[in-house]
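Residue-level structure breakdown
Each chain, letter by letter, is given below.
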Amino acid sequence: MPFLGQDWRSPGQSWVKTEEGWKKTTDDKNNNVSEESFNKENLLLSLSYDMAAKKRKKDLMNNNTKVPYFHREKWIYVHKGSTKERHGYCTLGEAFNRLDFCSAIKDTRRFNYVVRLLELIAKSQLPSLSGVAQKNYMNILERVVQKVLDDQQNVRPIKELLQTLYVSLCGLVQDMGKSVLVGNINIWVHRMENILQWQQQLDNIQINRPTNTGMTLTDLPASLQLNIMQRLSDGRDLVSLGQVCPELGTLTEDRLLWKKLCQYHFTDRQIRKRLMVSDKGHLEWKKMYFKLSRCYPHREQYSDTLHFCTHCHILFWKDINHPCTANNPESCTMALSPQDFINLFNF
């Protein structure tokens, strides 16, 4: 292998070609010149090594190393076993590195999917990622936060994601040196400081009111307003909407609205276990919704998801598809939730 460090060896012997063959030189002057030039060369190399080391340290602290951390592959081959003849992308970190998550962030249909995936990785899978994948994770997260600050949308899910990641890192940093996180502890402390800074920016975000003076939600008939509210899948959004004005607050208390929300996210068996009845004998659907939310996970639904072909062992985005060799590609293709995506590599 090549010698990468500073060369500590002597300059060696000087040889000259004569009629009788190669012979060592005995000229002390030439030896002194050769040794002097060698020492100057080593001094310059030493200085260049020191400058390069300082630059690498500075880049790492600022997270500015020029590593190509965004790939634009629309689909990748996934294989759970590797041989000398074939190497599959069989780890979560490799799939996370190679899939086109950069464009997925910009796509409204995939944004919530990527955010949920980042949250699941933050909870338990971050130590399983390689050093490059861990760095990619932080860079993608930075782009997600910047998009939210620019668009002023999806603020609450990103704040919850940052809080989950910060809590996980607090525990992981304490175990540094046990192959938990890759890299120097100062780098991760610097990243945790960035997370706190992003949280502060999201807390101070000011939602700009639209300048359009046309028709608003309150100008619509009550039946249309209720129809729009039924499209909301998060009860916290309904509560926030009800705080806009008293008229909307009255509509958001509609029992049928909360009943449909409970039936959308939870099964009948789960609802029966958490029944809450008012003094008048009516079911308290709103209170039941928040109680069920604390006990069970919500139903997840995404506009665009990652799909996996069991025939070709290819992972791809739904609207891109892949060159399948099966006679009936739809029969061997399955949609993956963010949790299914992670489970695909847990073997």
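Residues numbered from 1 in each chain as written. Predicted model: local features only at pLDDT ≥ 70, side-chain atom pairs only at ≥ 80, totals over all residues. Heavy atoms only, no water.

A few points about the nonpolar core
- In this structure, Tyr137, Leu141, Leu315 and Phe341 are the most contacted members of the largest nonpolar core, which totals 54 residues.
- Broken down by element, the residue count for this core peaks at nine residues, all from helix H4 (residues 108–125).
- Ignoring any residue separated from it by four or fewer positions in sequence, one finds Phe341 in contact with Leu92, Ala95, Leu99, Tyr113, Leu117, Leu306, Leu315 and Leu336.
- Within the second largest apolar cluster, 17 residues are counted, among which are Leu248, Trp258, Leu261 and Ile271. (Core = buried A, V, L, I, M, F, W, Y, C linked by side-chain atoms within 4.5 Å. Buried < 20%, exposed > 50% of the residue type's maximum accessible area, 1.4 Å probe, protein only. Helix = DSSP H or I, 4+ residues; strand = E, 2+ residues; numbered from the N terminus. Contact = heavy atoms within 4.5 Å.)

Brief notes about unusual backbone geometry
- The phi angle at Asn154 is positive, at roughly 60°, despite the residue not being glycine.
- Inspection of the secondary structure assignment puts Asn154 in the loop between helix H5 (131–151) and helix H6 (155–173).
- Positive phi is not limited to glycine here, since His313 has a value of about 55°.
- Inspection of the secondary structure assignment puts His313 in the loop between strand S4 (306–309) and strand S5 (314–317).

Considering the packing of aromatic side chains
- With the rule as written, the count across this model stands at 10 aromatic pairs.
- Ring geometry for Phe96 and Phe101: centres 5.2 Å apart, planes at 35°, overall tilted.
- With a centroid separation of 6.1 Å and 35° between ring planes, the pair formed by Phe96 and Tyr137 is classed as tilted. Here Phe96, found in helix H2 (residues 92–98), pairs with Tyr137, found in helix H5; they are 41 residues apart in sequence, far enough to count as distant.
- Classification of Phe96 as buried rests on a relative accessible area of 2%.
- Grouping aromatic residues by their ring pairs yields a cluster made of Phe96, Phe101, Tyr113, Tyr137, Tyr302 and Trp317.
- The aromatic ring of Trp317 is capped on one face by Arg110, whose charged end is 4.5 Å from the ring centroid.
- The ring of Trp188 carries the charged tip of Arg191 above its face, separated from the ring centre by 4.6 Å. (Phe/Tyr/Trp six-rings, centres within 6.5 Å; stacked < 30°, edge-to-face > 60°. Lys NZ or Arg CZ within 6 Å of the ring centre and 35° of its normal.)

Geometric descriptors of this kind do not, in isolation, establish any biological role.
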